[in-house]
Amino acid sequence: MVPPRPSVILRMATPLRYLSAGYFKRVAGAIYGGDFRTDDALAERYVRRMAPPTVLGYLNQLYALTGWTSVHWLHTLSQPTLVMAGSDDPIVPLVNARLLARLIPDARLEVFDCGHLFLLTRLAQSVETIESFLLNGAAQLETGPASRAVAAD
């Protein structure tokens, strides 16, 4: 994984964003990017929904940002894979999604014009993308070589 900038890691190194609404509002744009950079009302709306992870969950998040990688075995994945990312994601830079999509044999990359929390800020578009991917995958399974062979018998 290509890590975030050190300034993003430093802001994430403290759980203060979960404990202080004021701090969350001040750093939301720098941490989450996208619409949080320009829409103060968005930070206000989501600050009440942010629940802190467990201590172990929080430490695992920080560990993942600083060194874990799956790059060595991605080429072994055989199932169709949907990779989704925000174009302005300070936590997980877009280059990571591009790398995943390139290394996973049957991957589809969808980039949303927003930041890390695109599942919140682009909910309808995200759901539509996931549904389309799943429905197309189901259609491919139904019309794939194995099902055609069974139908021919």
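These numbers come from a predicted model, not from an experiment. (Residues numbered from 1 in each chain as written. Predicted model: local features only at pLDDT ≥ 70, side-chain atom pairs only at ≥ 80, totals over all residues. Heavy atoms only, no water.)

**What about the side chain of Arg17?**
Then, number 1: With respect to the secondary-structure elements, Arg17 resides in helix α2 (residues 16-19).
Then, number 2: In this structure Arg17 is buried but unpaired, with Asp89 as the nearest side chain of opposite charge at 11 Å.
Then, number 3: Engagement of the side chain of Arg17 in a polar contact is seen with the backbone oxygen of Met12, the distance being 3.4 Å.
Then, number 4: Separated by 3.3 Å, the side chains of Arg17 and Tyr18 make a polar contact.
Then, number 5: What Arg17 contacts, discounting residues up to four positions off in sequence, is Arg11, Met12, Tyr23, Phe24, Val27, Ile31, Tyr32, Tyr58 and Gln61. (Helix = DSSP H or I, 4+ residues; strand = E, 2+ residues; numbered from the N terminus. Buried < 20%, exposed > 50% of the residue type's maximum accessible area, 1.4 Å probe, protein only. Lys, Arg positive; Asp, Glu negative; His and termini not counted. Salt bridge = Lys/Arg side-chain N within 4 Å of Asp/Glu carboxyl O. Polar contact = N/O pair within 3.5 Å; in protein donor to acceptor, adjacent residues only side chain to side chain. Contact = heavy atoms within 4.5 Å.)

**Thoughts on the packing of aromatic side chains**
Then, number 1: Enumeration over the complete set of coordinates arrives at four aromatic pairs.
Then, number 2: Note on Tyr32 and Phe36: the rings are 5.8 Å apart at their centroids and 55 degrees apart in plane angle, and the pair reads as tilted.
Then, number 3: With relative accessibility at 4%, the residue Tyr32 sits in the buried group.
Then, number 4: Ring plane angle 50 degrees and centroid distance 6.0 Å describe the contact between Phe36 and Tyr46, whose orientation is recorded as tilted. Pair noted here: Phe36 is in the loop between α3 (21-32) and α4 (40-47) and Tyr46 is in helix α4, with a separation of 10 residues, a long-range link. For the pair formed by Phe36 and Tyr46, the shared burial category is buried.
Then, number 5: Through successive ring pairs, a cluster of aromatic residues spans Phe24, Tyr32, Phe36 and Tyr46. (Phe/Tyr/Trp six-rings, centres within 6.5 Å; stacked < 30°, edge-to-face > 60°.)

**So, α4**
Then, number 1: Listed in full, the buried residues belonging to α4 are Leu42, Ala43, Tyr46 and Val47. Seen from one end, α4 has its buried residues packed into an arc of 125 degrees, which puts them on one side.
Then, number 2: Where α4 is buried, its residues contact α3 and α7 (118-121).
Then, number 3: One side-chain oxygen at the N-terminal end of α4 lies 3.1 Å from the backbone nitrogen of Ala41; it belongs to Asp39. (Arc of directions from axis to C-beta.)

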